[in-house]
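Now for the letters of each chain:
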Amino acid sequence: MASGRRPLIAANWKMNGLKADGVALAQAVAARAKSAGATLAGEVLVSPPATLIDAVSAAIAGTPVLLGGQDCHAQTSGAFTGDISAAMLKDLGASHVILGHSERRTLHGETDAQVSAKVAAARAAGLVAIVCVGETEAQRDSGDTIAVIVGQIDGSIPAGATVAEIVVAYEPVWAIGTGRTPTLAEIVEVHQAIRARLASRIPGGDAIRILYGGSVKPSNAVEVLALADVDGALVGGASLKAEDFWAIVSALPQA
Ligand code: PEP
(Lines give C-alpha, C1' and ligand atoms only; values in the text may rest on other atoms or scores of the structure.)
Protein backbone atom coordinates (compact mmCIF):
# COMPACT_ATOMS: atom_id res chain seq x y z
CA MET A 1 0.00 0.00 0.00
CA ALA A 2 1.38 3.35 -0.95
CA SER A 3 1.93 6.05 1.62
CA GLY A 4 -0.34 9.07 1.71
CA ARG A 5 -3.20 7.53 -0.28
CA ARG A 6 -6.08 6.30 1.84
CA PRO A 7 -7.02 2.87 0.46
CA LEU A 8 -10.51 2.10 -0.75
CA ILE A 9 -12.29 -1.24 -0.95
CA ALA A 10 -15.30 -0.81 -3.20
CA ALA A 11 -18.05 -3.38 -3.66
CA ASN A 12 -19.82 -3.65 -7.01
CA TRP A 13 -22.98 -5.66 -6.46
CA LYS A 14 -23.90 -5.42 -10.14
CA MET A 15 -27.50 -6.55 -10.93
CA ASN A 16 -27.88 -8.67 -7.82
CA GLY A 17 -30.20 -8.59 -4.87
CA LEU A 18 -33.79 -7.91 -4.01
CA LYS A 19 -34.58 -5.46 -1.24
CA ALA A 20 -34.31 -7.85 1.70
CA ASP A 21 -30.99 -9.32 0.46
CA GLY A 22 -29.45 -5.93 -0.23
CA VAL A 23 -30.47 -4.44 3.07
CA ALA A 24 -29.22 -7.49 4.98
CA LEU A 25 -25.88 -7.38 3.15
CA ALA A 26 -25.53 -3.64 3.74
CA GLN A 27 -26.38 -4.05 7.41
CA ALA A 28 -23.82 -6.84 7.79
CA VAL A 29 -21.08 -4.75 6.18
CA ALA A 30 -22.09 -1.66 8.14
CA ALA A 31 -22.03 -3.53 11.46
CA ARG A 32 -18.49 -4.76 10.75
CA ALA A 33 -17.33 -1.30 9.73
CA LYS A 34 -18.85 0.24 12.81
CA SER A 35 -17.20 -2.20 15.17
CA ALA A 36 -13.85 -1.84 13.35
CA GLY A 37 -14.03 1.91 14.03
CA ALA A 38 -10.61 3.53 14.09
CA THR A 39 -8.88 0.26 13.17
CA LEU A 40 -10.43 0.40 9.71
CA ALA A 41 -7.40 0.59 7.42
CA GLY A 42 -9.21 2.30 4.55
CA GLU A 43 -12.52 3.46 3.14
CA VAL A 44 -15.29 0.96 2.46
CA LEU A 45 -17.90 1.54 -0.24
CA VAL A 46 -20.91 -0.45 -1.44
CA SER A 47 -22.46 0.06 -4.89
CA PRO A 48 -25.91 -1.55 -4.98
CA PRO A 49 -28.18 -1.70 -8.01
CA ALA A 50 -30.16 1.51 -8.48
CA THR A 51 -33.32 0.01 -7.03
CA LEU A 52 -31.61 -0.56 -3.67
CA ILE A 53 -29.69 2.67 -3.29
CA ASP A 54 -32.29 4.36 -1.11
CA ALA A 55 -32.76 1.37 1.20
CA VAL A 56 -29.02 0.74 1.44
CA SER A 57 -28.43 4.43 2.14
CA ALA A 58 -30.72 4.11 5.17
CA ALA A 59 -29.09 0.82 6.25
CA ILE A 60 -25.58 2.29 6.36
CA ALA A 61 -26.51 5.69 7.80
CA GLY A 62 -24.33 6.60 10.77
CA THR A 63 -21.64 4.08 9.88
CA PRO A 64 -18.36 4.63 7.98
CA VAL A 65 -19.63 2.76 4.91
CA LEU A 66 -19.82 4.89 1.76
CA LEU A 67 -22.41 4.58 -1.00
CA GLY A 68 -21.87 4.45 -4.76
CA GLY A 69 -23.87 4.09 -7.93
CA GLN A 70 -22.89 1.72 -10.73
CA ASP A 71 -23.47 4.18 -13.57
CA CYS A 72 -25.05 7.54 -14.31
CA HIS A 73 -26.21 9.49 -17.34
CA ALA A 74 -24.13 12.31 -18.77
CA GLN A 75 -27.07 14.74 -18.70
CA THR A 76 -28.61 16.22 -15.57
CA SER A 77 -32.24 15.45 -16.48
CA GLY A 78 -34.57 14.95 -19.41
CA ALA A 79 -36.05 12.38 -21.75
CA PHE A 80 -33.67 9.48 -21.02
CA THR A 81 -35.98 6.60 -20.16
CA GLY A 82 -34.45 4.14 -17.72
CA ASP A 83 -31.42 6.27 -16.89
CA ILE A 84 -30.46 8.01 -13.68
CA SER A 85 -28.47 11.20 -13.22
CA ALA A 86 -25.48 11.85 -11.00
CA ALA A 87 -27.58 14.32 -9.00
CA MET A 88 -30.16 11.59 -8.34
CA LEU A 89 -27.42 9.38 -6.88
CA LYS A 90 -26.13 12.24 -4.79
CA ASP A 91 -29.66 12.99 -3.62
CA LEU A 92 -29.90 9.48 -2.13
CA GLY A 93 -26.62 9.80 -0.27
CA ALA A 94 -24.11 8.47 -2.77
CA SER A 95 -20.60 9.91 -2.74
CA HIS A 96 -19.17 7.84 -5.60
CA VAL A 97 -20.19 6.38 -8.95
CA ILE A 98 -18.54 3.60 -10.94
CA LEU A 99 -18.12 4.67 -14.57
CA GLY A 100 -16.84 2.88 -17.66
CA HIS A 101 -17.07 -0.58 -16.16
CA SER A 102 -16.13 -3.14 -18.80
CA GLU A 103 -19.66 -4.56 -18.69
CA ARG A 104 -20.98 -1.12 -19.65
CA ARG A 105 -18.31 -0.70 -22.31
CA THR A 106 -18.93 -4.17 -23.77
CA LEU A 107 -22.65 -4.78 -23.28
CA HIS A 108 -23.80 -1.18 -23.77
CA GLY A 109 -21.15 -0.08 -26.22
CA GLU A 110 -19.93 2.78 -24.07
CA THR A 111 -17.02 4.66 -25.60
CA ASP A 112 -14.26 6.57 -23.85
CA ALA A 113 -15.95 9.80 -24.93
CA GLN A 114 -19.23 8.76 -23.33
CA VAL A 115 -17.45 7.71 -20.16
CA SER A 116 -15.67 11.07 -20.10
CA ALA A 117 -19.01 12.90 -20.38
CA LYS A 118 -20.35 10.84 -17.48
CA VAL A 119 -17.28 11.64 -15.40
CA ALA A 120 -17.90 15.32 -16.09
CA ALA A 121 -21.51 14.88 -14.91
CA ALA A 122 -20.32 13.13 -11.76
CA ARG A 123 -17.91 15.98 -11.04
CA ALA A 124 -20.65 18.54 -11.54
CA ALA A 125 -22.87 16.69 -9.07
CA GLY A 126 -20.12 16.37 -6.48
CA LEU A 127 -19.57 12.64 -6.88
CA VAL A 128 -16.19 10.90 -7.01
CA ALA A 129 -15.93 8.94 -10.26
CA ILE A 130 -14.42 5.47 -10.10
CA VAL A 131 -13.20 5.22 -13.67
CA CYS A 132 -12.68 1.65 -14.87
CA VAL A 133 -10.08 0.71 -17.47
CA GLY A 134 -8.84 -2.67 -18.61
CA GLU A 135 -7.56 -4.66 -21.55
CA THR A 136 -9.15 -7.68 -23.18
CA GLU A 137 -7.30 -10.96 -23.30
CA ALA A 138 -6.57 -10.46 -27.02
CA GLN A 139 -5.10 -7.03 -26.33
CA ARG A 140 -2.88 -8.48 -23.61
CA ASP A 141 -1.79 -11.35 -25.84
CA SER A 142 -0.83 -8.94 -28.59
CA GLY A 143 1.26 -6.82 -26.22
CA ASP A 144 -1.07 -3.82 -26.35
CA THR A 145 -2.05 -3.66 -22.68
CA ILE A 146 -0.28 -0.46 -21.70
CA ALA A 147 -1.26 1.38 -24.88
CA VAL A 148 -4.91 0.38 -24.41
CA ILE A 149 -4.95 1.45 -20.76
CA VAL A 150 -3.24 4.77 -21.43
CA GLY A 151 -5.70 5.43 -24.25
CA GLN A 152 -8.63 4.70 -21.94
CA ILE A 153 -7.21 6.97 -19.25
CA ASP A 154 -6.75 9.81 -21.73
CA GLY A 155 -10.15 9.31 -23.30
CA SER A 156 -12.21 8.67 -20.19
CA ILE A 157 -11.00 11.37 -17.80
CA PRO A 158 -12.03 14.86 -18.89
CA ALA A 159 -9.67 17.82 -18.83
CA GLY A 160 -9.87 19.72 -15.58
CA ALA A 161 -10.62 16.70 -13.39
CA THR A 162 -8.86 16.98 -10.06
CA VAL A 163 -7.26 14.45 -7.73
CA ALA A 164 -10.14 14.44 -5.24
CA GLU A 165 -12.70 13.74 -7.95
CA ILE A 166 -11.20 10.62 -9.49
CA VAL A 167 -10.38 7.05 -8.52
CA VAL A 168 -9.12 4.70 -11.24
CA ALA A 169 -9.90 0.98 -11.19
CA TYR A 170 -7.66 -1.26 -13.29
CA GLU A 171 -9.83 -4.23 -14.21
CA PRO A 172 -8.49 -6.59 -16.87
CA VAL A 173 -11.59 -7.66 -18.78
CA TRP A 174 -10.43 -11.28 -18.82
CA ALA A 175 -10.07 -11.33 -15.03
CA ILE A 176 -13.57 -10.09 -14.18
CA GLY A 177 -15.71 -12.87 -12.77
CA THR A 178 -13.40 -15.57 -14.14
CA GLY A 179 -11.32 -16.49 -11.10
CA ARG A 180 -8.21 -15.61 -13.12
CA THR A 181 -5.90 -12.77 -12.13
CA PRO A 182 -2.79 -11.20 -13.62
CA THR A 183 0.51 -11.93 -11.92
CA LEU A 184 1.52 -9.48 -9.23
CA ALA A 185 4.22 -8.16 -11.56
CA GLU A 186 1.63 -7.55 -14.29
CA ILE A 187 -0.59 -5.65 -11.86
CA VAL A 188 2.36 -3.51 -10.75
CA GLU A 189 3.39 -2.78 -14.35
CA VAL A 190 -0.08 -1.51 -15.27
CA HIS A 191 -0.61 0.45 -12.06
CA GLN A 192 2.74 2.18 -12.51
CA ALA A 193 1.85 3.07 -16.09
CA ILE A 194 -1.52 4.45 -14.95
CA ARG A 195 0.10 6.46 -12.17
CA ALA A 196 2.68 7.94 -14.55
CA ARG A 197 -0.05 8.92 -17.00
CA LEU A 198 -2.22 10.48 -14.29
CA ALA A 199 0.79 12.39 -12.98
CA SER A 200 1.50 13.80 -16.43
CA ARG A 201 -2.13 14.82 -17.10
CA ILE A 202 -3.44 16.07 -13.75
CA PRO A 203 -1.67 18.36 -11.27
CA GLY A 204 -0.75 16.14 -8.32
CA GLY A 205 -2.19 13.19 -10.27
CA ASP A 206 0.16 10.68 -8.69
CA ALA A 207 -2.02 10.97 -5.56
CA ILE A 208 -5.05 9.52 -7.37
CA ARG A 209 -5.99 6.17 -5.96
CA ILE A 210 -5.67 3.21 -8.29
CA LEU A 211 -7.70 0.13 -7.37
CA TYR A 212 -7.17 -3.35 -8.76
CA GLY A 213 -10.30 -5.27 -9.75
CA GLY A 214 -10.85 -8.70 -11.25
CA SER A 215 -11.44 -11.84 -9.19
CA VAL A 216 -10.23 -10.34 -5.92
CA LYS A 217 -11.19 -12.75 -3.15
CA PRO A 218 -10.15 -13.50 0.41
CA SER A 219 -7.47 -15.93 -0.78
CA ASN A 220 -5.58 -13.41 -2.94
CA ALA A 221 -6.42 -10.10 -1.28
CA VAL A 222 -3.44 -9.95 1.07
CA GLU A 223 -0.83 -10.23 -1.68
CA VAL A 224 -2.64 -7.88 -4.08
CA LEU A 225 -3.33 -5.20 -1.47
CA ALA A 226 0.26 -5.31 -0.24
CA LEU A 227 1.55 -4.05 -3.60
CA ALA A 228 2.93 -0.51 -3.34
CA ASP A 229 0.96 0.88 -6.27
CA VAL A 230 -2.34 -0.79 -5.39
CA ASP A 231 -4.54 1.54 -3.36
CA GLY A 232 -7.41 -0.84 -2.80
CA ALA A 233 -9.77 -3.06 -4.75
CA LEU A 234 -12.99 -3.04 -6.73
CA VAL A 235 -14.74 -6.27 -5.83
CA GLY A 236 -17.59 -7.91 -7.71
CA GLY A 237 -18.55 -11.50 -6.89
CA ALA A 238 -16.83 -11.64 -3.52
CA SER A 239 -18.68 -8.52 -2.38
CA LEU A 240 -22.01 -10.35 -2.31
CA LYS A 241 -21.15 -12.23 0.89
CA ALA A 242 -20.43 -10.03 3.89
CA GLU A 243 -17.83 -12.45 5.31
CA ASP A 244 -15.88 -12.61 2.06
CA PHE A 245 -16.08 -8.89 1.46
CA TRP A 246 -15.01 -8.19 5.00
CA ALA A 247 -12.10 -10.62 4.71
CA ILE A 248 -10.90 -8.49 1.79
CA VAL A 249 -11.32 -5.27 3.78
CA SER A 250 -9.41 -6.92 6.63
CA ALA A 251 -6.59 -7.80 4.24
CA LEU A 252 -5.67 -4.12 3.91
CA PRO A 253 -2.28 -3.51 5.46
CA GLN A 254 -2.45 -1.38 8.60
CA ALA A 255 -0.89 2.06 7.98
C1 PEP B 1 -16.09 -6.13 -11.23
O2 PEP B 1 -16.97 -6.47 -12.00
O3 PEP B 1 -15.89 -4.93 -11.00
C4 PEP B 1 -15.29 -7.16 -10.60
C5 PEP B 1 -14.13 -6.84 -10.13
O6 PEP B 1 -15.85 -8.42 -10.57
P7 PEP B 1 -15.22 -9.75 -9.90
O8 PEP B 1 -14.61 -9.33 -8.58
O9 PEP B 1 -16.35 -10.67 -9.75
O10 PEP B 1 -14.16 -10.24 -10.84
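Our subject in this report is the structure included herewith. No experiment lies behind these values; they were computed from the predicted model shown. (Residues numbered from 1 in each chain as written. Predicted model: local features only at pLDDT ≥ 70, side-chain atom pairs only at ≥ 80, totals over all residues. Heavy atoms only, no water.)

### Here's the deal with unusual backbone geometry
- Unlike most non-glycine residues, Lys14 shows phi in positive territory, near 55°.
- Along the polypeptide, Lys14 turns up in the loop between strand 1 (8-12) and helix 1 (19-36). (Helix = DSSP H or I, 4+ residues; strand = E, 2+ residues; numbered from the N terminus.)

### Some thoughts on the side chain of Glu135
- Looking at the secondary structure, you find Glu135 in the loop between strand 5 (128-133) and helix 6 (137-141).
- Here Glu135 falls in the buried class, since its relative accessible area comes to 0%.
- Sequence-distant contacts of Glu135, that is, excluding residues within four places in its chain, are made with Arg140, Thr145, Val148, Ile149, Tyr170, Pro172, Val173 and Trp174. (Buried < 20%, exposed > 50% of the residue type's maximum accessible area, 1.4 Å probe, protein only. Contact = heavy atoms within 4.5 Å.)

### Some words on helix 7 (residues 145-156)
- Spanning 12 residues, helix 7 covers 16 Å between terminal C-alpha atoms, matching the ideal 16 Å at 1.5 Å per step.
- Those residues of helix 7 lying buried are Thr145, Val148, Ile149, Val150, Gln152, Ile153 and Ser156.
- Structurally, helix 7 contributes buried residues whose contacts are with helix 4 (102-107), helix 5 (112-125), strand 5, helix 6, strand 6 (166-170) and helix 8 (184-201). (Expected span 1.5 Å × (residues − 1).)

### As for the site of the ligand
- Close contacts around the ligand come from 14 residues, with Lys14, His101, Glu171, Gly177 and Ser215 the closest.
- Contact between the ligand and Lys14: an oxygen atom at 2.5 Å from a side-chain N or O atom of the residue.
- Take Ser215: an N or O atom from its main chain is 2.7 Å from an oxygen atom of the ligand.
- When the ligand sits alone it has 300 Å² of accessible area, and the protein chains cover 95% of it.
- Of the residues contributing to the shell around the ligand, the split by class is 4 nonpolar, 8 polar and 2 charged. (Near = heavy atom within 4 Å. Polar contact = N/O pair within 3.5 Å; in protein donor to acceptor, adjacent residues only side chain to side chain. Areas by Shrake-Rupley, 256 points an atom, 1.4 Å probe, with all protein chains shown as cover. Nonpolar A, V, L, I, M, F, W, Y, C, P; charged D, E, K, R; others polar.)

### Some thoughts on the side chain of His101
- Among the secondary structure elements, His101 is positioned in the loop between strand 4 (96-99) and helix 4.
- His101 sits in the buried class, given a relative accessible area of 5%.
- Excluding its chain neighbours within four sequence positions, the residues that come into contact with His101 are Asn12, Lys14, Cys132, Glu171 and Ile176.

### Observations regarding the sheet that holds strand 1
- The parallel closed barrel is built from 8 strands, whose spatial order is 1-2-3-4-5-6-7-8. Going across the sheet, the axis of each strand differs from the next one's by a mean of 25°, ignoring polarity.
- Two elements, strand 2 (residues 43-47) and strand 3 (residues 66-69), share 2 bridges in a ladder whose sense is parallel. Each residue of the ladder has a partner; that of Leu45, found in strand 3, is Leu66.
- Along the sheet face, helix 10 (residues 242-250) touches strand 1, strand 2 and strand 8 (232-235) and points at about 160° away from the line of strand 1. (Pairing = 2+ DSSP bridges. Axes fitted to C-alpha atoms, helices over the stretch in contact; angles between N-to-C directions.)

### Some points on the packing of helix 5 against helix 7
- The contact between helix 5 and helix 7 brings their axes to 7 Å, and the two run at 45°. As judged from the angle between their axes, helix 5 and helix 7 are oblique. For the pair helix 5 and helix 7, contact is made by Asp112, Ala113, Val115, Ser116 and Val119 and by Gly151, Gln152, Gly155 and Ser156, respectively.
- For the contact of helix 5 with helix 7, the per-class residue count stands at 3 nonpolar, 5 polar and 1 charged. (Parallel < 35°, antiparallel > 145°, perpendicular 65-115°, else oblique.)

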